[in-house]
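# Coordinates in review
Spelled out, the chains give:
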Amino acid sequence: MDRRNILRAAAAAPFAAAVSLPDPAQAKAAPKKDTVFALAVLPDTQYLFDADSADPAPLRETFRYLTEEREVVFMTHLGDVTEHGTAAEIELASETFKRIDGKLPYSVLGGNHDVSGDDQRGSTPYLKAFGPSRFKKLRTFLGASPDGYNSAHLLQAGGRKWLILALDWRISDAGIAWAESVLTRNKTVPAIVTTHDLAYSDDAGVASLSANGQRMWDRLIRKHDQVFLTLNGHYWPPGRTVLKNDAGHDVHVHITNYQDRYYGGAAMIRLYNFDLARNTIDVETFSPWFLAKKEADRTPLEAETLELTGPADRFSLEIDFTERFAAFDPPVLPPPRPASAVVSKDTVAYWRFDGALSVADGSVVRDQTGRGNDLTVRRLAGSAPDVLTVSPEHHAGAPAHASLFFDGGKDPNRGAILRTGDKAPINSMKFLGGYTIELFLKLPEPFEGDHSWMGVFNWEGRMRDAGKTNGYDPLEPTCSMSLSGERFLQYVVYPHVEDASPTSWSHALPVGRWMHVAVVNNGRRTLVYIDGSKIARNPSQPSHGIATNGRPFVLGAQSYDLGYGQGFYGYLGDVRITGRALTPQQFLRT
């Protein structure tokens, strides 16, 4: 249904009583820390280092690919480097690994084909080649257990530290005690446990703990909340599962092994592509050796093993990293900022909802600029007191650590508005030199009920009274922001100069997440930003100023024919209006 028709149906009775400006379209985005990185996982390579049938060529190509074609922060080998663990096999493998020494940080652990017994076995060809002496020069090497068969690695990626434990295939009680000490010393660091034998999978790709894995789970993993992912080889087929640790949090358990595939797996790798901004790990599995060959030169078996795309080999994990790590590494939020820190000579009005704030009808929210644009609280007719409450929830970047929760709705209309006084200066400002309207917004999760076209803010008034004829409805306000039934944000303005109604449309807004919304006009046209990103549907038509009618600015409901309905449903944080165009770097969220 069209926005204007819904407005008309839902209208309530009216209440009684010169600077050179930056063009936000040309503004450069603020630099951001890299939130995307990749971890490479290399499972059982034993059939490539098997006595006189050894062929290290696939692994050489995998190492070339990782160091030259992908930005990988770390590689972990899951054990069974060789088939028999002989000095000759180990020496050939060690020589092959030299191709990444000094180029790519990595870890290696002993599998049952490399060593026998537990980690108290003493000296072996494997330990001489892949013990602590090999890794001590790596910037990520944190240390090793006294026996040398277990190691810890600390890497920096995505703006934080990550701990990787590479544990022997039969870790002893002493080894577990050492691993626990590492976790305890680094108790605020998310950890990945790698080992050779921890879980096996059925043909459907559903993993279960092995006997050794159950021991490691009970003795080590489940007790340390920072362990969120385990990786092991040894068994095939690949598989995965999710277990709950003692803190009630998810631990992802993954099996990676391709030795049963053509050419012993051909040094196939699995890449874990972390995207911290998306809260996702995208996993892919492929053979760089086969990939490097021209398509016409690949044999049928090479072509079919080039990439694995089944649900156990190519998938995405959704992990809210901040939430998952909060118990042991709570995020450090910016402290509240005083109003003086975000008010300038160009600030027209700034409202915030912290302090000992009353939201009873008739209470006042002061304009922090001192310009007299105070807001008065008023509930819509028939609305209960709890349709407007103060909440401690807030956007992490908001100056004030508080917000208002509006429990508005329609059929029947309910809600509350915050309205400037009849003589407030902002009521008549035309903003011919440009403007920026900012606010913090969060839609509840779940988003229950029909809230189509609920109002966020308006300049009260009718477009016909401003002398505008080129619009849809003469009774709608001259400036408004609302939300469609599909949760698309809509900004409509009738400019002071043009007889037009340029309209911006956002994408569907997510629920349960704080957002910063900015409407920026540079004196020529208007752009809408969400979280500092310019939306797609910003009209290019000219837009000079706002055709205000001398009537109040209002938060919290939709205005139509001087009445109000379709109360806002959700949270509103700080609201600031500036009498010039701001760049994204100048927004409140930064």
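About the thresholds
Each chain carries its own residue numbering, running from 1 in the direction its sequence is written. Only residues with pLDDT of at least 70 get local features here, since the model is predicted, and only at 80 or more are side-chain atom pairs given and counted; chain-wide, interface and lining totals rely on the full set of residues. For the side-chain quantities, the full set of heavy atoms in the structure was used; hydrogens and water were omitted. Any two strands are treated as partners once DSSP identifies two or more bridges connecting them. By the criteria applied, helices consist of DSSP H or I runs no shorter than four residues and strands consist of E runs no shorter than two, each listed in order from the N terminus. By nonpolar core is meant a set of buried Ala, Val, Leu, Ile, Met, Phe, Trp, Tyr and Cys residues that side-chain atoms within 4.5 Å join together. Each residue is placed in one exposure class: buried if its accessible area under a 1.4 Å probe, protein chains only, is under 20% of its type's maximum, exposed if it is over 50%, and partly exposed if it falls in between. For this analysis, residues touch if any pair of their heavy atoms sits within 4.5 Å. By convention, a stacked pair of Phe, Tyr or Trp rings (six-membered ring in the case of Trp) has centres within 6.5 Å and planes under 30 degrees apart, an edge-to-face pair has planes over 60 apart, and any other such pair is tilted. A helix is expected to span 1.5 Å for every residue after the first. For this quantity, the arc is that covered by the directions from the helix axis to the C-beta atoms. Structural elements are reduced to axes, namely lines fitted to C-alpha atoms, with helices fitted over the stretch in contact, and the angle between N-to-C directions of any two is expressed from 0 to 180 degrees. For the purposes of these results, a polar contact is taken to be a pair of N or O atoms within 3.5 Å, where, inside protein, one atom must be able to donate a hydrogen and its partner to accept one; residues adjacent in sequence count only when each atom of the pair is a side-chain atom. His is not counted, nor are the chain ends, whereas Lys and Arg count as positive and Asp and Glu as negative. Salt bridges are defined by distance alone: a side-chain nitrogen of Lys or Arg within 4 Å of a carboxyl oxygen of Asp or Glu. The predictor reports its confidence for every residue as pLDDT, a score running from 0 up to 100.

Pairing between the strands of a sheet is mediated by backbone hydrogen bonds and can be parallel or antiparallel. On the basis of which strands lie adjacent, the open sheet formed by eight strands has the order β18-β19-β22-β31-β24-β25-β26-β27 and antiparallel pairing. With partners counted over all chains shown, the strands left at the sheet margins are β18 (364–365) and β27 (503–508), one partner each. Pairing of strand β26 (residues 488–493) with β27 involves four bridges; the strand directions are antiparallel. Bridge assignment links Val492 to a residue of β27, and that residue is Thr503.

Attention now moves to the nonpolar core. Trp351, Leu418, Ile426, Phe457 and Tyr491 are the most contacted members of the largest nonpolar core, which has 56 residues in total. Not counting the four nearest positions on each side in its chain, Trp351 is found in contact with Val365, Arg366, Asp367, Asn373, Asp374, Leu375, Thr420, Ile426, Phe553, Asp574, Val575 and Ile577. Membership of the second largest hydrophobic core comes to 33 residues, among which are Phe63, Val72, Ala93 and Leu138.

The element strand β5 (residues 151–157) is extensively covered by neighbouring structure, given that five of its seven residues are classed as buried. Bridge analysis of strand β4 (residues 141–144) against β5 gives three bridges, and the strand direction is antiparallel. Of the residues in β5, the one forming a bridge with Gly143 is Ala152. The turn linking β4 back onto β5 is made up of six residues, and Gly148 within it adopts a positive phi angle of 90 degrees. One ladder, built from seven bridges, connects β5 with strand β6 (residues 160–166); its direction is antiparallel. Its bridge partner being in β6, Ser151 is matched across the sheet by Ala166.

Let us look at the packing of aromatic side chains. For any pair of aromatic rings, the description consists of the separation of the ring centres together with the inter-plane angle of the planes. One pass over the structure, following the stated rule, counts 36 aromatic pairs. Consider the rings of Phe97 and Tyr106, whose centres lie 5.6 Å apart with planes at 35 degrees: the pair is tilted. The pair formed by Phe97 and Tyr106 is uniform in burial state, with each residue classed as buried. Measuring from centroid to centroid gives 5.3 Å for Tyr106 and Phe135, while their planes differ by 75 degrees, and the two rings are edge-to-face. A residue pair is termed long-range when its members are at least 10 positions apart, and Tyr106 in strand β3 (residues 106–107) and Phe135 in helix α5 (residues 132–135) qualify at 29 residues. Each of the two residues, Tyr106 as well as Phe135, counts as buried. Pairwise contacts between aromatic rings join Phe63, Phe97, Tyr106, Tyr126, Phe130, Phe135, Phe141 and Tyr149 into one cluster.

For helix α6 (residues 173–185), spanning 13 residues, the distance from its first C-alpha to its last is 18 Å, which sits close to the expected 18 Å at 1.5 Å a residue. All buried positions along α6 are accounted for by Gly175, Ile176, Trp178, Ala179, Val182 and Leu183. The arc enclosing the buried residues of α6, seen along the axis, measures out at 160 degrees, which places them on a common side. Buried residues belonging to α6 abut β4, β5, β6, β7 (191–195), α7 (211–221) and β10 (227–232).

The next thing to look at is the sheet that holds strand β11 (residues 239–244). Ordered in space as β4-β5-β6-β7-β10-β12-β11, the seven strands form an open sheet in which the pairing is mixed. Every interior strand has two partners, whereas the edge strands, β4 and β11, have only one. Strand-to-strand twist in this sheet, taken as the mean axis angle between neighbours without regard to direction, amounts to 20 degrees. Bridge count between β7 and β10: five bridges; the pairing is parallel. By the bridge assignment, Ile192 is partnered in β10 with Leu229. Of the strands in this sheet, β4, β5, β6, β7 and β10 touch α6, which is tilted by about 180 degrees from β6.

A word on the environment of Glu438. Relative to the helices and strands, Glu438 is located in strand β23 (residues 435–442). For Glu438, a relative accessible area of 0% corresponds to the buried category. Taking the C-alpha atoms as reference points, Glu438 and Ala38, separated by 400 residues in sequence, lie 36 Å from one another. The residues touching Glu438, leaving out its near neighbours within four places in the chain, are His516, Val517, Ala518, Asp574, Val575, Arg576, Leu582, Phe587 and Leu588. A distance of 2.8 Å separates a polar atom in the side chain of Glu438 from a polar atom in the side chain of His516.

To continue, consider unusual backbone geometry. Of the consecutive residues Trp236 and Pro237, the connecting peptide bond is found in the cis state with omega at 5 degrees. For Pro237, the location among the structural elements is in the loop between β10 and β11. Residues Asp411 and Pro412 are joined by a peptide bond in cis, for which omega reads 5 degrees. Checked against the element boundaries, Pro412 lands in the loop between β21 (403–407) and β22 (416–420). In this structure, Ala267 takes a positive phi of about 55 degrees despite not being glycine. Mapping Ala267 onto the fold places it in the loop between β12 (250–255) and β13 (269–275). Unlike most non-glycine residues, Asp411 shows phi in positive territory, near 55 degrees.

Mapping Asp44 onto the fold places it in the loop between β1 (36–42) and α2 (57–68). One buried charged residue, Asp44, remains without a salt bridge, the closest side chain of opposite sign being Arg270 at 11 Å.

A word on the confidence of the model for the chain. Per-residue confidence for the chain gives a mean pLDDT of 93; residues scoring 70 or more make up 94%. Segment residues 1–32: pLDDT under 50, and 69 contacts once partners within four positions in sequence are set aside and those in other chains are kept.

Attention now goes to the pattern of salt bridges. Taken as a whole and judged by the stated rule, the model has 37 salt bridges. In this structure, Arg160 engages Asp329 in a salt bridge whose closest nitrogen and oxygen atoms are separated by 2.4 Å. In this pair, Arg160 is assigned in strand β6 and Asp329 in the loop between α10 (321–325) and β17 (347–351), connecting sequence segments 169 residues apart. With a shortest N-O distance of 2.8 Å, Arg462 and Asp561 are connected by a salt bridge. One end of the pair, Arg462, is in the loop between β24 (454–459) and β25 (479–483); the other, Asp561, is in the loop between β32 (558–560) and β33 (563–565), and 99 residues separate them in sequence. Here the salt bridges do not stand alone but share partners, grouping Glu61, Arg64, Glu68 and Glu69 into one network.

Alignment of β11 against β12, held across six bridges, turns out to be antiparallel. Across the sheet, the residue bridging to Thr241 is Val253, located in β12. If you look at the hairpin formed by β11 and β12, you'll find five residues sitting between the two strands, and Gly248 has a positive phi there, around 80 degrees.

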